[in-house]
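For reference, the chains in residue letters:
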Amino acid sequence: MRSWKVFEASEVLRQVKEATPEPAGSEVVVSVSHCGLCHSDITLWKGVFDMGDKKVTIDSIGMKHPITLGHEILGTVSAVGPDVTDVKIGDRRLVYPWLGCGECDTCRTGRENLCMQGRPLGMRRPGGFGSHVVVPHSRYLIDTGDLDPALAATYACSGLTAYSAIRKAMPASPDEAIVVVGAGGLGLSGIVILKAFGHENIVVVDVSEDKLETAVKAGAHKTVLSTGDDVTKKIVETAGRPVRTIIDFVNNSQTAAFSFPALARGGRIIMVGMFGGQITVPTMRMAQGGLSLIGSITGTLQELRDLVELAKRGKLDAIPYEAVPKTSINDAMDRLRRGAVKGRIVLQEEIA
Ligand SMILES: [Zn+2]
Ligand SMILES: [Zn+2]
């Protein structure tokens, strides 16, 4: 097999040839036909997380180079371990990458994405930036049927992340304003999922007129340009009242600062973006307002199954993506890093 690995932080990925792994026990080897490129790949490549009050390097949390990134993986089963009975060679599957230890209470209640000992693919286990990936159990594989495989690959992270955040916003009356902050890839996924849920009052906030225009095309009902210092007022005016639900796909110091005062009593901010930052929260207003700040990271295996089901029922509009050959991975990483990408980049196995 071949893969593209990060040997040193912020250095170009190097192509490596090695033996294709043989699956043992319940393992499944998937030949990767598509792998989406995510902002987290750029962060891991750089090797530093911005935690708001400090920076944390990936070495300090025990991640060792070389790393094979890539967690939006779709492909066909190429080998199965002796204990595997429910998939066979040639089956096309989407891979759930947010693997936990499988044994703790968090994992046993179906929230492997929150496991303290989590070993996600493309982070603590080799991911999809290569020809093959080892999946420890077939339960992490989801049949995507006739869905566009490049688009379906993106469901494993960007789609799932948006879906899990939207689920936390439910139930909501269709005509109640739900504010979506950020109209990048995640925000657009959020809009199409809200639409699929039948939501009819989506207010999108972004610093870019261009992105707001794209958001309207994707189904946003109202928009707020988040420049200037009266953004809170503009949000409340556009929504018609203080809001109960804000989903923040940017989640930096600025967006948190203008979102918090826009909350109605009982309101909540679902914090999803990983741009880093912090806010000071008035504790009295939290209690008196019955407010919640809810963090949301990726999603559960069941949520990914539900999202794929929603897509199979034809409910989900496509988000824009661009398929590029795997061999141009370094160029694709560079473009994503510079922000020169509309929607998602999906690496694709070259057609022979
Ligand atoms: Zn991701
Ligand atoms: Zn666990």
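The residue count restarts for each chain, going from 1 along the sequence in the order it is written. For naming, the first written chain is A and the first written ligand is 1, with later ones following in the order written. It should be noted that, the model being predicted, local features are given only for residues of pLDDT at least 70 and side-chain atom pairs only at 80 or more, the latter also being counted only at that level, while totals for whole chains, interfaces and linings use all residues. The side-chain quantities take in all heavy atoms of the structure and omit both hydrogens and water.

- As annotated in an unreviewed UniProt entry, the protein chain carries the name alcohol dehydrogenase and comes from Xaviernesmea oryzae.
- UniProt annotates the protein chain under Cofactor (unreviewed entry) with the comment "Zn(2+)".
- Comment text from UniProt for the protein chain, heading Sequence similarities (unreviewed entry), reads "Belongs to the zinc-containing alcohol dehydrogenase family." UniProt positions are given in the numbering used here, feature names are shortened, and annotations may be inferred rather than shown by experiment.

## Examining the coordination of the zinc ion (ligand 2)
For step 1, the next point in the chain: Coordination partners: N, O, S within 2.8 Å of the metal, 3.2 Å for Na, K and Ca; water not considered, so apparent gaps in a site are possible. The protein atoms that coordinate the zinc ion (ligand 2) are Cys101 (SG), Cys104 (SG), Cys107 (SG) and Cys115 (SG), at distances of 2.3 to 2.4 Å.
For step 2, the next point in the chain: Tetrahedral means four donors with every angle between 85 and 135 degrees, whereas square planar (four donors) and octahedral (six donors) require angles over 155 degrees between opposite donors and between 65 and 115 for all others; sites fitting neither are termed irregular. Taken together, the four donor atoms coordinating the zinc ion (ligand 2) span angles of 105 to 116 degrees at the metal, a pattern that classifies the geometry as tetrahedral.
For step 3, the next point in the chain: Written as a sequence motif, the donor arrangement for the zinc ion (ligand 2) is C-x2-C-x2-C-x7-C.

## As for the coordination of the zinc ion (ligand 1)
For step 1, the next point in the chain: For the zinc ion (ligand 1), the full set of protein donor atoms is Cys38 (SG), His71 (NE2) and Cys157 (SG), and the range of their distances to it is 2.0 to 2.2 Å.
For step 2, the next point in the chain: Ordering the donors of the zinc ion (ligand 1) by residue number gives the pattern C-x32-H-x85-C. Separated by 33 residues along the polypeptide, Cys38 in the loop between β3 (28-37) and α1 (39-46) and His71 in the loop between β5 (55-57) and β6 (72-80) bring together distant segments of the chain. Residues Cys38 and His71 agree in their burial class; the two are buried. Counting from the N terminus, the helices are DSSP H or I runs at least four residues long and the strands are E runs at least two residues long. When accessible area is computed with a 1.4 Å probe and restricted to protein chains, residues below 20% of their type maximum are described as buried, those above 50% as exposed, and intermediate ones as partly exposed.

## Comments concerning the state of the cysteines
For step 1, the next point in the chain: Count a disulfide wherever a pair of cysteine sulfur atoms falls within 2.5 Å. Applying the stated criterion across every chain, the model contains zero disulfides.
For step 2, the next point in the chain: Between Cys35, a free cysteine, and Cys38, which holds the nearest cysteine sulfur, the sulfur-to-sulfur gap is 9.8 Å.

## Topic: a nonpolar patch on the surface
For step 1, the next point in the chain: A contiguous nonpolar patch, built from Leu114, Met274 and Ile297 and spanning about 300 Å² of accessible area, is present on the exposed surface.
For step 2, the next point in the chain: Inspection of the secondary structure assignment puts Leu114 in the loop between α2 (105-108) and β8 (132-135). The patches reported here contain residues having more than 30% relative accessible area and no salt bridge. Joining distances are 9 Å for like charges and 5 Å for nonpolar side chains (Val, Leu, Ile, Met, Phe, Trp, Tyr). Computed with the Shrake-Rupley method and a 1.4 Å probe, the accessible areas treat only the protein chains shown as cover for residues. When a carboxyl oxygen of Asp or Glu lies within 4 Å of a side-chain nitrogen of Lys or Arg, that pair is called a salt bridge.

## Observations concerning the layout of surface pockets
For step 1, the next point in the chain: Here the second largest pocket is characterised by a volume of approximately 220 Å³.
For step 2, the next point in the chain: Cavities and pockets were defined on a 1 Å grid built from protein atoms only: a cavity is a group of points that admits a 1.4 Å probe but offers it no way out, a pocket is an open group of points flanked by protein on both sides within 12 Å along at least five of seven lines, and a lining residue is one with an atom within 4 Å of any such point. Looking at the second largest pocket, it is lined by 17 residues, and the ones nearest its centre are Met1, Pro21, Pro126, Val133 and Val134.
For step 3, the next point in the chain: Secondary structure elements with two or more residues in the lining of the second largest pocket: β1 (2-5) and β8.
For step 4, the next point in the chain: The leading source of residues in the lining of the second largest pocket is β8, at three residues.
For step 5, the next point in the chain: Any residue outside Ala, Val, Leu, Ile, Met, Phe, Trp, Tyr, Cys, Pro, Asp, Glu, Lys and Arg is labelled polar, Gly included; the first ten of those are nonpolar and the last four are charged. Class assignment for the residues of the lining of the second largest pocket results in eight nonpolar, five polar and four charged. Grid points are joined across faces, edges and corners, and a volume is the space filled by probe spheres set on the points.

## Examining the pairing of strand β10 (residues 178-181)
For step 1, the next point in the chain: Going residue by residue along β10, you find Ile178 and Val180 tucked away on one face and Val179 and Val181 tucked away on the opposite face as well.
For step 2, the next point in the chain: Any two strands with at least two DSSP bridges between them are considered paired. Bridge count between β10 and strand β11 (residues 202-206): four bridges; the pairing is parallel. Of the residues in β11, the one forming a bridge with Ile178 is Ile202.
For step 3, the next point in the chain: In this fold, β10 hands off to helix α5 (residues 185-196), which returns the chain to β11; that crossover is right-handed.
For step 4, the next point in the chain: As paired elements, β10 and strand β13 (residues 243-248) share four bridges and run parallel to each other. In the strand pairing of β13, Val179 is matched with Ile246. Orient the strands so they point away from the viewer, and a crossover whose first-strand-to-second-strand path over the helix runs clockwise is right-handed.

## Overview of the nonpolar core
For step 1, the next point in the chain: With 83 residues, the main nonpolar core has Phe129, Tyr155, Val204, Ile247, Leu304, Leu316 and Met333 as its most contacted residues.
For step 2, the next point in the chain: Note on contacts: a residue pair is in contact if any heavy atoms of the two residues lie within 4.5 Å. Apart from residues lying up to four places away in sequence, Met333 is in contact with Leu13, Leu37, Asp41, Ile42, Trp45, Leu69 and Phe129.
For step 3, the next point in the chain: Counting 20 residues, the second largest nonpolar core, distinct from the first, contains Val181, Val203, Val205 and Met271. By convention a nonpolar core is built from buried Ala, Val, Leu, Ile, Met, Phe, Trp, Tyr and Cys residues, the set being connected through side-chain atoms within 4.5 Å.

## Some points on the packing of aromatic side chains
For step 1, the next point in the chain: Stacked, tilted and edge-to-face are the three classes assigned to paired rings of Phe, Tyr and Trp, where Trp is represented by its six-membered ring and a pair needs centres within 6.5 Å; plane angles under 30 degrees give stacked, over 60 edge-to-face, the rest tilted. According to the stated counting rule, one finds two aromatic pairs in the structure shown.
For step 2, the next point in the chain: On the basis of an interplanar angle of 15 degrees and a centroid distance of 6.3 Å, the ring pair of Tyr96 and Tyr140 is categorised as stacked. In this pair, Tyr96 sits in the loop between β7 (92-95) and α2 while Tyr140 sits in the loop between β8 and β9 (141-142), placing the two residues 44 residues apart along the sequence.
For step 3, the next point in the chain: Considering the side-chain rings of Tyr163 and Phe197, the 5.8 Å spacing of their centres and the 75 degrees angle between planes classify their relative orientation as edge-to-face. Highlighted residues: Tyr163 in helix α4 (residues 158-168) and Phe197 in the loop between α5 and β11, separated in sequence by 34 residues.
For step 4, the next point in the chain: The ring of Phe7 is capped by Arg14, whose NZ or CZ atom sits 4.3 Å from the centre of that ring.
For step 5, the next point in the chain: A positively charged side chain is recorded as over a ring if its NZ (Lys) or CZ (Arg) lies within 6 Å of the ring centre. The angle to the ring normal must also be within 35 degrees. Sitting over the ring of Phe260, Arg285 keeps its end group 5.4 Å from the ring centre.

## Topic: the side chain of Ser33
For step 1, the next point in the chain: Its place among the elements puts Ser33 in strand β3.
For step 2, the next point in the chain: Exposure remark for Ser33: the relative accessible area of 19% places this residue in the buried category.
For step 3, the next point in the chain: By the criterion applied in these results, polar contacts are pairs of N or O atoms within 3.5 Å in which, for protein atoms, one can donate a hydrogen and the other can accept it, and in which residues neighboring in sequence qualify only through two side-chain atoms. For Ser33, the side chain forms a polar contact with the side chain of His34, separated by 2.8 Å.
For step 4, the next point in the chain: Apart from residues no more than four positions distant in its own chain, Ser33 is found in contact with Leu74, Gly75, Leu347, Gln348 and Glu349.

## Remarks on the sheet that holds strand β12 (residues 222-225)
For step 1, the next point in the chain: Sheet architecture is open: six strands sit in the order β12-β11-β10-β13-β14-β15, paired in parallel fashion. Two strands close off the open sheet at either side, each with one partner strand: β12 and β15 (292-295). Looking at each pair of strands side by side, their axes are set apart by 20 degrees on average, direction ignored. All axes here are fitted lines through C-alpha atoms, helices being fitted over the stretch that makes contact, and every angle between N-to-C directions spans 0 to 180 degrees.

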